[in-house]
Amino acid sequence: MRDIPGIHHVTAIGSDPGENLQFYTETLGLRVVKRSVNQDDASVYHLFYGDRSGSPGTSMTFFPYPGARQGRVGTGQVSTTQFLIPADAVDYWIDRLAEAGVDADEPRERFGETVLPFEDPDGLPLELVGVAEAPAGDPPDGPVPPEYAIRGFYGVTLALGDTAATERLLETMGYERTGTEGTRLRYEADGDLGYVVELLDGPDVADGRPGAGTIHHVAFRVTSEDQADWREELQRFGLRPTEIIDRKWFESVYTRTPGGVLFEYATEGPGYTVDEDLETLGERLVLPEWLEGRREEIEDGLPPLSTDS
Ligand code: ZN
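Procedures and definitions
Every chain is numbered on its own, with residues counted from 1 as its sequence reads. Confidence filtering applies because this is a predicted model: local features only for residues at pLDDT of at least 70, side-chain atom pairs given and counted only at 80 or more, and all residues used for totals across whole chains, interfaces and linings. Only heavy atoms go into the side-chain values, all of them from the structure, while hydrogens and water stay out. The salt bridge criterion pairs a side-chain nitrogen of Lys or Arg with a carboxyl oxygen of Asp or Glu, the two atoms within 4 Å. Buried, partly exposed and exposed residues are distinguished by accessible area as a fraction of the type maximum, computed with a 1.4 Å probe on protein chains only: under 20%, between the cut-offs, and over 50%, respectively. Here a helix means four or more residues in a row that DSSP labels H or I, a strand means two or more in a row labelled E, and each is numbered from the N terminus. Whether two residues are in contact is decided by their heavy atoms: any pair within 4.5 Å suffices. Pairing of N or O atoms within 3.5 Å defines a polar contact, subject to two protein rules: one partner must be a possible hydrogen donor and the other a possible acceptor, and residues neighboring in sequence count only if both atoms are side-chain atoms. Note on pairing: two strands pair once DSSP finds at least 2 bridges between them.

**Considerations on the pattern of salt bridges**
Charged atoms that come close allow side chains of opposite charge to pair. Summed over the entire model, instances satisfying the criterion amount to 20 salt bridges. For the salt bridge of glutamate 297 with arginine 294, the shortest nitrogen-to-oxygen distance reads 3.2 Å. Note on arginine 294: relative accessible area 37%, which makes it partly exposed. Linked through salt bridges whose partners overlap, the residues forming this network are Lys34, Lys248, Asp275, Glu276 and Glu289.

Printed below as a string of structure tokens:
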């Protein structure tokens, strides 16, 4: 089994779908790479953002429930999602967020890199992290010049009451401990995107509560050849992973981890271009085959998105 190189995607809960779309595309400059529905509730969108093709390591996805109750970020959750930008793009982003009316915190240094914390319209904690040798990536055509564009994920921070079991799990996945700052433990994988997981060791932080502005799960990249072996590895670790589930754009195994965070192990392929052309990716509502018969009713029941006008 190959070591896991990093994050595949991150999935969060939002509220207003139009505001969500506007923020991630117009403010952050990501591309809508898939427009679908929550397979458990087809009255709710499932929106996917990413680089030009939504390649693994770049895709942030949302279930925007209109009027959703606000969640609380806390223990047992991914508490911050981090995007990677080139180190010399930090000043550009400070100005860009200010011009967009986003209330960003002062930039800070962490593990030798500059971190710019801010929140999305639902209060979801995000950070831009400036990396000296950022990968070129494949930024979409959009409002952000490619030299400054978000390349994909940098990593995630997990808020945990006790980090010990999660540390062992990350080590099993091939992550290495590379640093500590205060109560923050840093682990890194050997990839170029989404390769960082930081653990915040804080039993005094209140438990997280699901809702708008919180992360639902984080997915890690595995190859198709290794996925079943990883599933067995999780069982040997004492976890109870799901069967391999076909998500059409990738295949997935989910497991609740010892610290309470939901992990997914998703295959790199076939990817978001399996059912749409790259040029028109994300423009049309894509439904699983078993919902196609209800397309008209589903489309009528979905709230309008700002880019539809
Ligand atoms: Zn997922």
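On we go from here.
**With respect to the environment of glutamate 233**
Mapped onto the elements, glutamate 233 comes out in helix α4 (residues 224-236). Sequence separation between glutamate 233 and isoleucine 298 is 65 residues; the distance between their C-alpha atoms is 39 Å. For glutamate 233, the contacting residues outside a window of four places in its chain are Met1 and Thr172. A distance of 2.7 Å separates polar atoms of two side chains, one belonging to glutamate 233 and the other to arginine 236.

**A few points about the pairing of strand β13 (residues 214-222)**
In terms of burial, β13 is largely enclosed, as eight of its nine residues are buried. In this sheet, β13 lies alongside strand β1 (residues 7-14) in antiparallel orientation, the contact comprising six bridges. Its bridge partner lying in β13, isoleucine 13 is registered against threonine 214. As judged from the five bridges shared by β13 and strand β16 (residues 262-267), these two strands associate in the parallel manner. Bridging across to β16, alanine 219 finds its partner in glutamate 264.

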